[in-house]
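One letter stands for each residue in the lines below.
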Amino acid sequence: MGKKSLSRFAWLSIAAAIATIALKTSAYFYTNSVGILSDALESTINLAAALLALWMIKIAERPPDEDHEFGHHKAQYFSSAVEGLLILMASVWILFAAIDRFIRPVELESLGLGVIISLIATAINLSVGIILIRAGKQHDSIVLEADGHHLLTDVWTTFGILAALMIVLLTGWSLADPIAAIVVAFGIAFTGFRLVRRSVLGLMDTAIDAEDLVKVRKVISKFAKVGEIEFHALRTRKSGPKKFIYFHLLVPDEWTVKKGHNFSHEIEEEILSKVSDAAVFIHLEPLRDPASHEDIELFG
Ligand SMILES: [Zn+2]
Ligand SMILES: [Zn+2]
């Protein structure tokens, strides 16, 4: 592939998960607080998600083989879909806890070791989460973006709890706690839903971004000349970062195969120079043959 593997970011996420688990477990032994223990157990989900991300990144980066001749990029979507579902589950869990607090308000624990520990863990999750989302955007990796959002889920939860704690301490308005939790739950649910949606769309062979499609059209149009060189049946699909571009190129009937082939390569080269990570497939057709114009629809 020639590119540096993205698995190093997954390892960073694994390290962050192990650090937060260790942090919270040691705090549990120090305080005996069940709340901190359940928090530590929750962090093991981060570890599992990071391991899944690593696994799927490794598969996605495998070169094409006999069984998967277009590559393995789509493995990414399994990881991001699971991350999205985990985030959705977390939001439901927070929502139920908040409703429970409405019905049976509890005395909030005072600022203690638990808060300090969770602040340190939050700082780790925040910085690693930002690194992952940035890398995900830069390398067009939905796995890294999803894992980053997963880590930020924990950050928002902690911020929500702390903000509510502050309001309760300052104003004595105890409903601030469940209300903050509900706001956080909906924010998280939105993120989770978007990740699941993007993953499903990715698995459904969604077309490439409009921006890239415009670039492709521009290049082909530059070579086209009405009545001489035309094109139709332009179709695209995205598979992870890889963009597949297909179209029919109609050239004068009398052109030799060699001339047509050279010409199509010229167009291909120009598209590749404008659109990153693309693969171009061109079907050459004689312009005057009616049969060339009967195959515009995919299965028509
Ligand atoms: Zn060729
Ligand atoms: Zn055609």
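In this report, the structure presented in the accompanying data block is examined. Every value quoted in this text rests on a predicted model; they were computed, and no experiment measured them.

For the zinc ion (ligand 2), every protein donor is listed as H232 (NE2), H248 (ND1), E285 (OE), E285 (OE), S292 (O) and D295 (OD), and the spread of their distances is 2.1 to 2.7 Å. Taken in sequence order, the residues that donate to the zinc ion (ligand 2) follow the motif H-x15-H-x36-E-x6-S-x2-D. In this pair, H232 is assigned in strand β1 (residues 230–239) and H248 in strand β2 (residues 242–251), connecting sequence segments 16 residues apart. Here H232 matches H248 in class, with each residue buried.

Let's shift gears to the coordination of the zinc ion (ligand 1). Each protein donor to the zinc ion (ligand 1) is listed here as H261 (NE2) and H265 (NE2); together their distances run 2.1 to 2.2 Å. Residue H261 and its partner H265 are both found in helix α8 (residues 257–274); the two are separated by four residues, about one turn of the helix. For H261, a relative accessible area of 42% corresponds to the partly exposed category. Take H265: its relative accessible area is 32%, and that puts it in the partly exposed class.

Bringing the pairing of strand β3 (residues 278–286) into the picture now. Judged from the nine bridges that link them, β2 and β3 form a sheet pairing that is parallel. When the sheet's bridge partners are listed, F244 is paired in β3 with A279. Remark: the β2/α8/β3 crossover connection has right-handed handedness.

Reading the values: the criteria
- Residues numbered from 1 in each chain as written.
- Chains lettered and ligands numbered in written order.
- Predicted model: local features only at pLDDT ≥ 70, side-chain atom pairs only at ≥ 80, totals over all residues.
- Heavy atoms only, no water.
- Donors = N, O, S within 2.8 Å, 3.2 Å for Na, K, Ca; no water.
- Helix = DSSP H or I, 4+ residues; strand = E, 2+ residues; numbered from the N terminus.
- Buried < 20%, exposed > 50% of the residue type's maximum accessible area, 1.4 Å probe, protein only.
- Pairing = 2+ DSSP bridges.
- Right-handed = clockwise from strand over helix to strand, strands pointing away.

Treat this as a map of the structure, not an account of what it does.
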